[in-house]
Number of protein chains: 2
Amino acid sequence: MDEFSFIKWIKSNQKKDRNVIIGIGDDCASIRINDENMFLVSTDMLVEGTHFDLKKNTPGEIGSKSIACSISDIAAMGCSAKYAVVSICFPHETETEFARELYRGINKMADAFSIKIIGGDIVSGKKTLVVNVTIYGRNEGLKTISRSGARADDALMITGELGGSILGKHITFKPRLKEGLLLNKKFNINSMIDISDGLAADLGHILEESRVGAILYEDEIPISEDAKELARKTGFSALHHALYDGEDYELLFTLSGRESQKLLASKSFPSRLSKIGYIDKSKGIRIVDTYGNQKK
Amino acid sequence: MDEFSFIKWIKSNQKKDRNVIIGIGDDCASIRINDENMFLVSTDMLVEGTHFDLKKNTPGEIGSKSIACSISDIAAMGCSAKYAVVSICFPHETETEFARELYRGINKMADAFSIKIIGGDIVSGKKTLVVNVTIYGRNEGLKTISRSGARADDALMITGELGGSILGKHITFKPRLKEGLLLNKKFNINSMIDISDGLAADLGHILEESRVGAILYEDEIPISEDAKELARKTGFSALHHALYDGEDYELLFTLSGRESQKLLASKSFPSRLSKIGYIDKSKGIRIVDTYGNQKK
């Protein structure tokens, strides 16, 4: 079974509701409360062997990542996170101290962003450790930034650095919640997504939902030290890792050229910012190298 | 690890928030939207081998149960269910048709109660099938009925029949959403819970949260045909199965003697109703037999 085509099938069977402003297929769903206020909802399931490794990751790290992924989804809407509910399936033989350490990891990350855990479900199963977090945000009177608002000529920008997250960042990352909210409050952002599937794949989601294309300047892509280190081991280029590795949890967004100038001129933004390309009317992603040649 | 003591530990670490009216430890959490309106939230994780059996249950039944459990939690608050998000971990080798059948089971149950699926997460894992549903309800201007409102002299009542759910009802049950909302609209219900852990255990939750005790009349407990059939196989009594089997998903509630008379006199209630005992000021549950003798 292919997950992406299954999600498309689910989306095609979705029922309409006048209070559901954003439904299946974005980082969060949004439900209208009244004219100005919306509830944002996102849910993430993390499974042993797919999203974390019990041999490499501590229970605290696993807990921390479980909620951080969901916080990142709220960040990608430019909204603030408020509450979460947490379901955990512990394998039958789980020690109480392991369970508490995992939960402390969740609580610590929640506390760092003033998110309250308001409920959950604790079950036990045969083997696999599974954590599901559903998170609730509020738009605070702001618009919610979806994947579908990118316009031709928008600048394409990204927070932080990309690639090689498997060396550590995928589990220890700090979600860009403050950055997302700041972008939404101070600038006119047209579309946004968090990098979970990888820059190329997640840019692809924006392009598909917005029905536009993009030019990427390979020299402008912020490549992390981990991408370089990983490249020495894998034989792929560091750029390849920056483009295709998942789980960076940086924010990729588009805004008018003018807004991007304003943003780059503002000195107080809390993370590195890179303008990595622009949106155009064609289809797909074209990568341009140092000499201006299109690679793809 | 003991799940109940772990949940107590989680609850003891819970942070307060002025908009969280009901937090960890009830059927749902409730968040204040404004003076009259609240959002109800509940999350349930169903795991292969614990909550369903791939050899006995069809994918459609598994999907149906996954959301029905959550609907039942909203029913236990006397509220209406509106939206749900669904996370599923499919084992790597899952066939597309299996996945679709499971999802159709979720959709069919959601449709039956006019609930919209607004988002989710589809992941794949090594072995175990896991489904997590988080559901949202609204109180529709009504109060939310918690576990903690039972008062001495309240009548103790239950919908439907109990016991032997393992023979089928645990997976094919229809949650008592209409009944819960009707009880809340038309009668003054002091406390309510849905029977997931079993009559004795779930009554215990009401008693603990309300700091009261209860008398149960064993002759008044509505014993299902499945409890009787199961009793013939297990050697336990049918009453034992009605008291201790889980997953009946009936509603157990308390209300004043006068309100209970009013309820029993109303001919239009859509399910069987039984008055099975009453609340008193002592501690724990005492069971009274046909001859008026306390058994425990």
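Residues numbered from 1 in each chain as written. Chains lettered and ligands numbered in written order. Predicted model: local features only at pLDDT ≥ 70, side-chain atom pairs only at ≥ 80, totals over all residues. Heavy atoms only, no water.

Looking up chain A in an unreviewed UniProt entry gives the name Thiamine-monophosphate kinase, with the organism given as Candidatus Scalindua japonica. According to its UniProt record, chain A has this under Catalytic activity (unreviewed entry): "thiamine phosphate + ATP = thiamine diphosphate + ADP". Word for word, the UniProt comment on chain A under Sequence similarities (unreviewed entry) is "Belongs to the thiamine-monophosphate kinase family." (UniProt positions renumbered as here; feature names shortened; annotations may be inferred.)

## So, the overall build of chain A
For chain A, the helix and strand inventory stands at nine helices and 12 strands. Whereas a compact globule of 296 residues would reach a radius of gyration of roughly 19 Å, chain A reaches 19 Å, a difference of no more than 12%. Taking all 296 residues of chain A together, 59% fall into the buried category. Of the contacts made within chain A by residues no fewer than 6 positions apart, 82% connect residues no fewer than 24 positions apart. About 12,400 Å² of surface is accessible on chain A, with carbon and sulfur atoms providing 48% of the total. Side-chain charges in chain A split into 40 positive and 41 negative, and the spacing between the mean points of these groups amounts to 4 Å. (Helix = DSSP H or I, 4+ residues; strand = E, 2+ residues; numbered from the N terminus. Rg over C-alpha atoms; globule rule 2.2 N^0.38 Å. Buried < 20%, exposed > 50% of the residue type's maximum accessible area, 1.4 Å probe, protein only. Contact = heavy atoms within 4.5 Å. Areas by Shrake-Rupley, 256 points an atom, 1.4 Å probe, with all protein chains shown as cover. Lys, Arg positive; Asp, Glu negative; His and termini not counted. Charge placed at Lys NZ, Arg CZ, Asp CG, Glu CD.)

## Some remarks on the interface of chain A and chain B
Each side of the interface is counted separately: chain A has 61 residues, and chain B has 61 residues. Of the roughly 5,300 Å² buried where chain A meets chain B, counting both sides, 65% is carbon and sulfur surface. Inspection of the region where chain A meets chain B yields four salt bridges. Where Asp17(B) meets Lys116(A), a salt bridge forms, and the shortest distance between an N and an O atom there is 3.5 Å. One can count 21 residue pairs in polar contact (both at pLDDT 80 or more) joining chain A with chain B. Of all the secondary structure elements, the ones that give two or more residues to the side of chain A that touches chain B are α1 (3–12), β2 (29–32), β3 (38–47), β4 (80–91), α3 (96–112), β5 (116–125) and β6 (130–138) of chain A. The biggest single contributor to the side of chain A that touches chain B is β5(A), with 10 residues. Tallied by class, residues from the side of chain A that touches chain B come to 28 nonpolar, 19 polar and 14 charged. (Buried area = accessible area lost by both parts, 1.4 Å probe. Salt bridge = Lys/Arg side-chain N within 4 Å of Asp/Glu carboxyl O. Polar contact = N/O pair within 3.5 Å; in protein donor to acceptor, adjacent residues only side chain to side chain. Nonpolar A, V, L, I, M, F, W, Y, C, P; charged D, E, K, R; others polar.)

## Details of the pairing of strand β10 (residues 251–255) of chain A
Residues and elements named next belong to chain A. For β10, the tally of buried residues reaches five of five residues, placing the bulk of the element in the interior. Going residue by residue along β10, you find Leu251, Phe253 and Leu255 tucked away on one face and Leu252 and Thr254 tucked away on the opposite face as well. When strand β7 (residues 155–159) meets β10, the two strands line up antiparallel, connected through four bridges. Note on β10: the bridge partner recorded for Ala155 is Leu255. Of the strand pairs in this sheet, strand β8 (residues 189–194) and β10 are connected by five bridges, and their pairing is antiparallel. Its bridge partner being in β10, Asp194 is matched across the sheet by Leu251. (Pairing = 2+ DSSP bridges.)

## With respect to the UniProt feature "binding site: Mg(2+) 3" (unreviewed entry) in chain A
Residues and elements named next belong to chain A. Cross-referencing UniProt, the feature "binding site: Mg(2+) 3" (unreviewed entry) maps to Asp27, Asp73 and Asp194 in the present numbering. The largest pairwise C-alpha distance within this set of annotated residues, which runs over 168 residues, is 7.8 Å, so the set is compact in three dimensions. Note on placement: Asp27 falls in the loop between β1 (20–22) and β2. With residues near it in sequence (within four places) discarded, Asp27 still touches Ser42, Asp73, Ala76, Met77, Arg147, Met192, Ile193 and Asp194. Examined against the element boundaries, Asp73 turns out to sit in helix α2 (residues 59–75). Apart from the residues within four sequence positions on either side, Asp73 is in contact with Asp27, Cys28, Ser42, Asp44 and Asp194.

## Points about the sheet that holds strand β8 (residues 189–194) of chain B
Two modes of strand pairing occur in sheets, parallel and antiparallel, and in both the strands are linked by backbone hydrogen bonds. Residue and element names in this part refer to chain B. Overall, mixed pairing links the six strands, which are arranged β8-β10-β7-β11-β9-β12 in an open sheet. With one partner strand each, in any of the chains shown, β8 and β12 (284–288) form the two edges of the open sheet. For this sheet, the mean angle separating the axes of adjacent strands, direction not counted, is 25 degrees. Inspection of the sheet shows strand β7 (residues 155–159) paired to strand β11 (residues 273–280) by five bridges, in the antiparallel sense. Across the sheet, Met157 pairs through a bridge with Lys275, a residue of β11. The sheet contacts of helix α5 (residues 177–186) involve β8 and β10 (251–255), and relative to β8 the element is tilted by about 170 degrees. Running at roughly 140 degrees to β8, helix α6 (residues 199–210) makes contact with β7, β8, β9 (213–217), β10, β11 and β12 of the sheet. (Axes fitted to C-alpha atoms, helices over the stretch in contact; angles between N-to-C directions.)

## Details of the relation of the copies chain A and chain B
Overlaying chain A on chain B yields an RMSD of 0.0 Å, the required transformation being a rotation through 180 degrees with an accompanying axial translation of 0.0 Å. Considering both components of the superposition, the chain copies are consistent with a two-fold axis. Both copies present the same face, since 100% of the interface residues in chain A are matched by interface residues at the equivalent positions in chain B. (Least-squares fit on C-alpha atoms with pLDDT ≥ 70 in both.)

## Some points on the packing of aromatic side chains
Overall, the coordinates contain 16 aromatic pairs over all chains when judged by the stated rule. With a centroid separation of 6.1 Å and 90 degrees between ring planes, the pair formed by Phe6(A) and Tyr103(B) is classed as edge-to-face. Taken as a pair, Phe6(A) in helix α1 and Tyr103(B) in helix α3 (residues 96–112) lie in two separate chains rather than in one. The class for Tyr103(B) is buried, based on a relative accessible area of 3%. A ring pair is formed by Phe39(A) and Tyr136(A), whose centres lie 6.4 Å apart and whose planes are at 85 degrees; its orientation type is edge-to-face. Of this pair, Phe39(A) sits in strand β3 while Tyr136(A) sits in strand β6, and the two are 97 residues apart along the sequence. (Phe/Tyr/Trp six-rings, centres within 6.5 Å; stacked < 30°, edge-to-face > 60°.)

## Observations concerning the packing of α3(A) against helix α1 (residues 3–12) of chain B
Interaxial distance between α3(A) and α1(B) falls to 11 Å at its minimum, and their mutual angle equals 30 degrees. Of the possible angle classes, the one that applies to α3(A) and α1(B) is roughly parallel. Our pair here, α3(A) against α1(B), has a crossing hand that is right-handed. Listed contacts from α1(B) to Ala99(A), Arg100(A), Tyr103(A) and Arg104(A) of α3(A) are Phe6(B), Trp9(B) and Ile10(B). For the contact of α3(A) with α1(B), the class distribution of residues is five nonpolar, no polar and two charged. (Parallel < 35°, antiparallel > 145°, perpendicular 65-115°, else oblique. Left-handed = near helix turned anticlockwise from the far one by under 90°.)

## Comments concerning the pattern of salt bridges
Under the counting rule described, the total for this entry stands at 38 salt bridges over all chains. Measuring nitrogen to oxygen at the nearest pair gives 2.8 Å for the salt bridge that ties Asp280(B) to Arg286(B). We note that Asp280(B), like Arg286(B), is buried. Salt bridges sharing common partners tie together Lys169(A), Arg176(A), Glu179(A), Asp248(A) and Glu250(A).

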